[in-house]
Amino acid sequence: KLQKLDLSINNFQGAIPEAIGDLSSVKYLNLMGNNLTETIPTSLGKVPVIDVLILGNNALQGELPASIGNLRTLQLLDVGSNMLTSTIPSSFAKLESLKYLVLESNKFNGTVDALE
């Protein structure tokens, strides 16, 4: 079964499809450095064994989906250099395995209480 999917630094455009949440065995997903737009699909919160999720350097917009807080094995989350807005979801407090979090160069606001 597919465990690593690296599509970084290509010219993919448009939205990340909701079907991405069906990648049940993927531990490493890298979509960095494309021209992905629209919002991060909530279905990403259904990938049960993902350890690394890299979505940085795209043009993603909107809020971080609270469903990402369901990713109990997630160790690295990179959404830096996008156009994400709003606050960090309180569900991120459930990310007990998280070691690396990259949020730089977005438009987040509010407090970072979810990270305590």
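Each remark here, short or long, concerns the structure printed above.
Thresholds applied
Every chain begins its residue count from 1, and numbering advances along the sequence as written. Residues qualify for local features only when their pLDDT is at least 70, as the model is predicted, and side-chain atom pairs are given and counted only at 80 or more; totals for whole chains, interfaces and linings, by contrast, use all residues. Side-chain metrics in this entry use all non-hydrogen atoms of the structure; hydrogen atoms and water are not considered. For this analysis, a nonpolar core means a set of buried residues of the types Ala, Val, Leu, Ile, Met, Phe, Trp, Tyr and Cys, connected via side-chain atoms within 4.5 Å. Three exposure classes are used, based on accessible area relative to the maximum for each residue type with a 1.4 Å probe and protein chains only: buried under 20%, partly exposed in between, and exposed over 50%. Throughout, a residue-residue contact means that at least one pair of heavy atoms, one from each residue, lies within 4.5 Å. Where helices and strands are cited, they refer to DSSP runs of H or I of at least four residues and of E of at least two residues respectively, numbered from the N terminus. Think of a polar contact as two N or O atoms within 3.5 Å of one another; within protein, one of them needs to be a possible hydrogen donor and the other a possible acceptor, and neighboring residues in sequence only count if both atoms come from side chains. Strands are treated as partners if at least two bridges between them are detected by DSSP. For every element, the axis is a line fit to its C-alpha atoms; helices are fit only across the contacting stretch, and the angle between N-to-C directions ranges from 0 to 180 degrees.

Q: I would appreciate a short explanation of the nonpolar core in the present structure.
A: The nonpolar side chains of a soluble globular protein tend to be buried with one another. In this structure, L29, I40, L44, L53, L55, L74 and V79 are the most contacted members of the largest nonpolar core, which totals 24 residues. Apart from the residues lying within four places of it in its own chain, the contact partners of L74 are I50, D51, V52, L53, I68, L95, S97 and L98.

Q: What am I meant to see in the side chain of N82 here?
A: Mapping N82 onto the fold places it in the loop between β7 (76-78) and β8 (83-86). Here the side chain of N82 touches L60 through a polar contact of 3.0 Å, landing on its backbone nitrogen. Dropping the residues within four chain positions of it, N82 is found in contact with L55, G56, N57, N58, A59, L60, S105 and N106.

Q: Sorry, what's going on with the sheet that holds β8 here?
A: Within a sheet, each strand pairs with its neighbour through backbone hydrogen bonds, oriented either parallel or antiparallel. Across the sheet, which stays open at both edges, the three strands sit in the order β6-β8-β10 with parallel pairing between neighbours. The open sheet is flanked by β6 (61-62) and β10 (107-108), the only strands paired with a single partner. When β8 meets β10, the two strands line up parallel, connected through two bridges. Bridging across to β10, S86 finds its partner in F108.

Q: What exactly am I supposed to notice about the sheet that holds β7 here?
A: Here we have five strands laid out as an open sheet, ordered β1-β3-β5-β7-β9, and parallel in their pairing. Only two strands of the sheet have a single partner each, and these edge strands are β1 (4-6) and β9 (100-102). On average, adjacent strands in this sheet sit at an angle of 5 degrees to one another, irrespective of strand direction. Bridge count for strand β5 (residues 52-54) against β7 is three bridges, and the pairing is parallel. Pairing of V52 across the sheet is with L76, part of β7.

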